[in-house]
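Now for the letters of each chain:
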Amino acid sequence: MYEQHGLFNLQLRSAADYELMLRFFHFRGATLAYLPRTTVKMRAGGQSNASLGNRIKANAEDAKAWRLNGSDPACSPAAWSSRCGKSDSSRNADPFAGCSLG
């Protein structure tokens, strides 16, 4: 998998894992499979959630992950899902209209 799609991008401090998954599964088309058991338990917290300032920095890094892959972060699911339900015209509109997805 790493040989085909690349390693962690160390330019990113808190979003290297996010960028890796984004690149593998969204932009490069790697397949996912559901594993019906718990393999990892993570606690809440971490660098990106330690403060509001860190959360803002983490959001900026998430946007950078999209740009590093040649796309607009406004086309991310987080960005277009917030538009759902605002009006009938925006709800039925293509959320990726005008976006370059890789």
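Note that this is a predicted model, so its numbers are computed, not measured. (Residues numbered from 1 in each chain as written. Predicted model: local features only at pLDDT ≥ 70, side-chain atom pairs only at ≥ 80, totals over all residues. Heavy atoms only, no water.)

Student: Before we go on, may I ask you to explain the overall build of the protein chain in this structure?
Tutor: Along its length, the protein chain carries 5 helices and 0 strands. Along the protein chain, helices and strands appear, N-terminal first, in the series α-α-α-α-α. Here the contacts in the protein chain between residues at least 6 apart in sequence split such that 50% fall between residues at least 24 apart. (Helix = DSSP H or I, 4+ residues; strand = E, 2+ residues; numbered from the N terminus. Contact = heavy atoms within 4.5 Å.)

Student: It is not clear to me how the pattern of salt bridges should be interpreted in this structure. Could you clarify?
Tutor: Should the charged atoms of two oppositely charged side chains come close, the side chains can pair. In total, this model carries 2 salt bridges according to the counting rule given. Between Arg23 and Glu19 there is a salt bridge; the shortest N-O distance is 2.7 Å. Pair noted here: Arg23 and Glu19 are both in helix α2 (residues 16-27), with a separation of 4 residues, about one helical turn. Of the two residues, Arg23 and Glu19, both sit in the buried class. Across the pair Arg55 and Asp62 runs a salt bridge whose closest N-O atoms are separated by 3.8 Å. On the accessibility criterion, Arg55 (27% relative accessible area) is partly exposed. (Salt bridge = Lys/Arg side-chain N within 4 Å of Asp/Glu carboxyl O. Buried < 20%, exposed > 50% of the residue type's maximum accessible area, 1.4 Å probe, protein only.)

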